[in-house]
Amino acid sequence: MNGKKGSFEINIPPIPKSKMPGNGKKSGGDNKGLFSCRVWIWNVWEFCKEDSNRVVFSLKVGLAVLLVSLLILCQAPYKVFGTNIIWSILTVAIMFEYTVGATFNRGFNRALGSLLAGILAIGVAQLALSTGRVAEPFIIGISIFLIGTATSFMKLWPSLVPYEYGFRVILFTYCLIIVSGYRMGNPIKTSMDRLYSIAIGGIVAVLVNVLILPIWAGEQLHKELVASFNAVADSLEECVRKYLEDDGLDHPEFSKTVMDEFPDEPAYRKCRSTLNSSAKLESLANSAKWEPPHGRFRHFFYPWSEYVKVGAVLRYCAYEVMALHGVLHSEIQAPYNLRITFQKEIQDATTQAAELVRSLGKDVSNMKRTLKTSLLKGVHSSTERLQRAIDMHSYLLTSNYEPPDSSKPLPKLSHALSSTLYDLSNQLAELDKTDLDQTPNLTNQNPQPPQTESFHEMMRKQSRRQHSWPSREVDAFEEEGGFGPDITIPRMKALESTAALSLATFTSLLIEFVARLDHLVEAVDELSRMAKFEYDVL
């Protein structure tokens, strides 16, 4: 016994280590090393399978470094360029980026920075030589201080942040050229040799990246945006489906909710990554601007910035999906029977909205322009039906509602139960009262032991246990005598009303998501107009 009623604890002695199979140190160490090696290989395989371009990029970098290294390994080019050819390897390693656009961007900053640094170094070196050997090191030192201060300040200027790498190139190239030229005694020749080496490395990096399995930033941006559309639509349907199917008995632990650990919701993780894709989209758009026309993007000055705007509006809609997910996993939950009362209207609005989002993503993927009038009308109609249903049955969302007027017909949902929660409670109470009135004589003649609680009372307690907030059982609290009935009953009514209002919160967030879809349709239409998408004739 472990101190709890009806529970037992059985102590099983552990197996001696000497009797356990494979307990030898050498065998255990080998198995552990083999297991960790297999896990590492499996992780590498999954990482490569997720995006095969990662392997292609790595191979291309290795090829580019090999090509410039041949200039040193082979005797003929080494005699021409000398030790300065090492700058070619450094340029390839620094300049080679994942996409073609990013490589062009790096190459421009590298070329411009090296050129400006070379010109400044030659000018300052000539000035220092004309002043004599005594003042020369002082002039060189002061120039290094001024160049370092100026470049470090200018790269922090907001409008010059995209050229931050160029200012860094100016700083270290100038310092290396001016110092080495001072020691070698011929700064002009040193500057020219290193500029030639940098140019060779840049040309090799660009040719390898463009001609061998190019990875275009524009294509990556296009695919990323389309995937975001599908992620938002899938997450919306997943969240609503779980909300309507959840009976309120199985909720994740609070720690898992805080840490966003929901392994059974893959669409939610994709939607969460969409919210964090702002920096990635902007980086891909900036890189795509440097790329020449290619593939499906065949005209100059392609509106890549519009992709960023569409992504921003899509995140604006995704925020509502995340809010719906927060209601799904909140501590205060509406009763299950109340949620299914509006099930059809919620499902219709969700299906129509998700279909519209996927249709917009399909248009962007196929680079087509289609009219969304019919889809928009369907979304708005389903949302209006949900609003009318909530308005007509708003009394279900409070615990202190009055019965509807019997002279007027009660507006019913197409799928609702035959009676409201209030009518069901009254019917159960009248049934209990009728049973007691029919058997008064039997009770007086043959005294019976106290009967169990009525079915109505039992259902009331069960409903409070499942759906009340805080989660503490009300009946146990009442039995302790914490408050009198005059305080407990109004308090529980307020808590039940709060729980029911969570359904109103969920539906209002869904309606707000639909309202934001109008802005998304406008953003996609503007993108299709500026990008000159073809009209899709239906």
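Residues numbered from 1 in each chain as written. Predicted model: local features only at pLDDT ≥ 70, side-chain atom pairs only at ≥ 80, totals over all residues. Heavy atoms only, no water.

**A word on the overall build of the protein**
- When its secondary structure is counted, the protein shows 21 helices and 2 strands.
- Across the 538 residues of the protein, 37% fall into the buried class.
- Accessible area of the protein: about 31,900 Å², with a carbon and sulfur share of 61%. (Helix = DSSP H or I, 4+ residues; strand = E, 2+ residues; numbered from the N terminus. Buried < 20%, exposed > 50% of the residue type's maximum accessible area, 1.4 Å probe, protein only. Areas by Shrake-Rupley, 256 points an atom, 1.4 Å probe, with all protein chains shown as cover.)

**Here's the deal with the packing of aromatic side chains**
- For the coordinates displayed, the defined rule picks out 10 aromatic pairs.
- Their ring planes at 40 degrees and their centres at 5.1 Å tell us that Phe-108 and Trp-290 sit as a pair that is tilted. Remark: Trp-290 occurs in the loop between helix H12 (278-288) and helix H13 (304-328) and Phe-108 occurs in helix H5 (residues 100-130); sequence separation between them is 182 residues.
- Between Tyr-302 and Tyr-307, the aromatic rings sit 6.2 Å apart at their centres with planes inclined by 35 degrees, giving tilted as the arrangement. (Phe/Tyr/Trp six-rings, centres within 6.5 Å; stacked < 30°, edge-to-face > 60°.)

**A few points about the side chain of Glu-320**
- One can find Glu-320 in helix H13.
- Setting aside chain neighbours within four positions, we find Glu-320 in contact with Leu-509, Glu-512, Phe-513 and Arg-516. (Contact = heavy atoms within 4.5 Å.)

**Brief notes about the nonpolar core**
- Grouped together as the largest cluster of nonpolar side chains are 67 residues, with contacts concentrated most on Phe-229, Tyr-307, Ile-346, Phe-513, Leu-517 and Leu-520.
- Setting aside its immediate chain neighbours within four residues, Ile-346 contacts Val-240, Leu-244, Leu-386, Leu-503, Phe-506, Thr-507 and Leu-510.
- Residues Ala-121, Ala-128, Tyr-174 and Ile-177 belong to the second largest nonpolar core, which totals 12 residues. (Core = buried A, V, L, I, M, F, W, Y, C linked by side-chain atoms within 4.5 Å.)

**Concerning unusual backbone geometry**
- Within the chain, Leu-213 stands out as a residue other than glycine whose phi angle is a positive 45 degrees.
- In this structure, Leu-213 sits in the loop between helix H8 (187-211) and helix H9 (217-245).
- Using a relative accessible area of 58% as the deciding quantity, one classes Leu-213 as exposed.

**What to know about the confidence of the model for the protein**
- Chain-level pLDDT for the protein is 75 on average; 69% of the residues reach the 70-or-more range.
- Every residue in residues 1-26 is under pLDDT 50, and counting partners more than four places away or in other chains gives 10 contacts. (pLDDT = per-residue confidence, 0-100.)

**Looking at a nonpolar patch on the surface**
- The grouping of Leu-63, Leu-66, Leu-67, Leu-70, Leu-73, Ile-203, Leu-207, Leu-211, Ile-212 and Leu-213 at the surface amounts to a nonpolar patch, some 940 Å² of accessible area in total.
- Looking at the nonpolar patch, the elements with two or more residues in it are helix H2 (53-73) and H8.
- Broken down by element, the residue count for the nonpolar patch peaks at 5 residues, all from H2. (Patch = residues over 30% accessible without salt bridge, like charges linked within 9 Å, V, L, I, M, F, W, Y side chains within 5 Å. Salt bridge = Lys/Arg side-chain N within 4 Å of Asp/Glu carboxyl O.)

**Things to note about the UniProt feature "transmembrane region" (unreviewed entry) in the protein**
- In the numbering used here, UniProt assigns the feature "transmembrane region" (unreviewed entry) to residues 55-73, 85-105, 111-129, 138-159, 165-183 and 195-217.
- What you have in residues 85-105 is 76% helix and 0% strand, and the ends, taken at the C-alpha atoms, are 23 Å apart. (UniProt positions renumbered as here; feature names shortened; annotations may be inferred.)

**A short note on the pattern of salt bridges**
- Considering all chains together, one arrives at 14 salt bridges under this definition.
- Glu-97 is the salt-bridge partner of Arg-106, the closest N and O atoms lying 3.4 Å from each other.
- Judged by its relative accessible area of 27%, Arg-106 is partly exposed.
- A relative accessible area of 23% places Glu-97 in the partly exposed class.
- Of the charged contacts, one joins Glu-219 and Arg-296 as a salt bridge, the two residues approaching to 3.9 Å between their closest N and O atoms. Remark: Arg-296 occurs in the loop between H12 and H13 and Glu-219 occurs in helix H9; sequence separation between them is 77 residues.
- Residue classification places Arg-296 among the partly exposed residues on the basis of a relative accessible area of 41%.
- In the salt-bridge network here, residues are joined through shared partners; they are Asp-234, Glu-237 and Arg-358.

**What about the environment of Leu-63?**
- Positionally, Leu-63 belongs in helix H2.
- Residue class for Leu-63 comes out partly exposed when judged on its relative accessible area of 32%.
- Discounting chain neighbours no more than four positions away, the residues touching Leu-63 are Val-208 and Ile-212.

**Brief notes about the environment of Val-210**
- On the secondary structure map, Val-210 appears in helix H8.
- In the structure, Val-210 is positioned 106 residues away from Phe-104 in sequence and 9.8 Å away in space, judged by C-alpha atoms.
- When near neighbours in sequence (up to four residues on either side) are disregarded, Val-210 contacts Val-100 and Phe-104.

**Overview of the packing of H5 against helix H6 (residues 136-154)**
- Where H5 meets H6, the axes come as close as 8 Å, and the angle between the chain directions of the two elements is 150 degrees. The angle between H5 and H6 falls in the class roughly antiparallel. Crossing angle aside, the handedness with which H5 passes H6 is right-handed. Contacts between H5 and H6 involve Leu-120, Val-124, Leu-127, Ala-128 and Leu-129 from the first element and Glu-136, Ile-139, Ile-140, Ser-143 and Ile-147 from the second.
- Grouping the constituent residues of the contact of H5 with H6 by class yields 8 nonpolar, 1 polar and 1 charged. (Axes fitted to C-alpha atoms, helices over the stretch in contact; angles between N-to-C directions. Parallel < 35°, antiparallel > 145°, perpendicular 65-115°, else oblique. Left-handed = near helix turned anticlockwise from the far one by under 90°. Nonpolar A, V, L, I, M, F, W, Y, C, P; charged D, E, K, R; others polar.)

**Some thoughts on the packing of H9 against H13**
- One can describe the packing of H9 onto H13 by two numbers: an axis separation of 10 Å at closest approach and a directional angle of 20 degrees. Considering their axes alone, H9 and H13 lie roughly parallel with respect to each other. Handedness of the crossing formed by H9 with H13: left-handed. Of the residues in H13, those in contact with Gly-218, Leu-221, His-222, Leu-225, Ser-228, Phe-229, Val-232, Ser-235, Leu-236, Cys-239, Lys-242 and Tyr-243 of H9 are Trp-304, Tyr-307, Val-310, Gly-311, Leu-314, Ala-318, Val-321, Leu-324, His-325, Val-327 and Leu-328.
- Of the residues assigned to the contact of H9 with H13, the class counts are 16 nonpolar, 6 polar and 1 charged.

**Here's the deal with helix H16 (residues 373-392)**
- Relative to the 28 Å expected for 20 residues at 1.5 Å per residue, H16 spans 28 Å between its end C-alpha atoms, a close match to the ideal helical length.
- Considered for burial, the residues of H16 that qualify are Leu-375, Leu-376, Val-379, Ser-382, Thr-383, Leu-386, Ala-389 and Ile-390. An end-on view of H16 places all buried positions within 160 degrees of arc, on one side of the element. Exposed residues on H16 whose side chains face more than 90 degrees from its buried face are Ser-374, Lys-377 and Asp-391. (Expected span 1.5 Å × (residues − 1). Arc of directions from axis to C-beta.)

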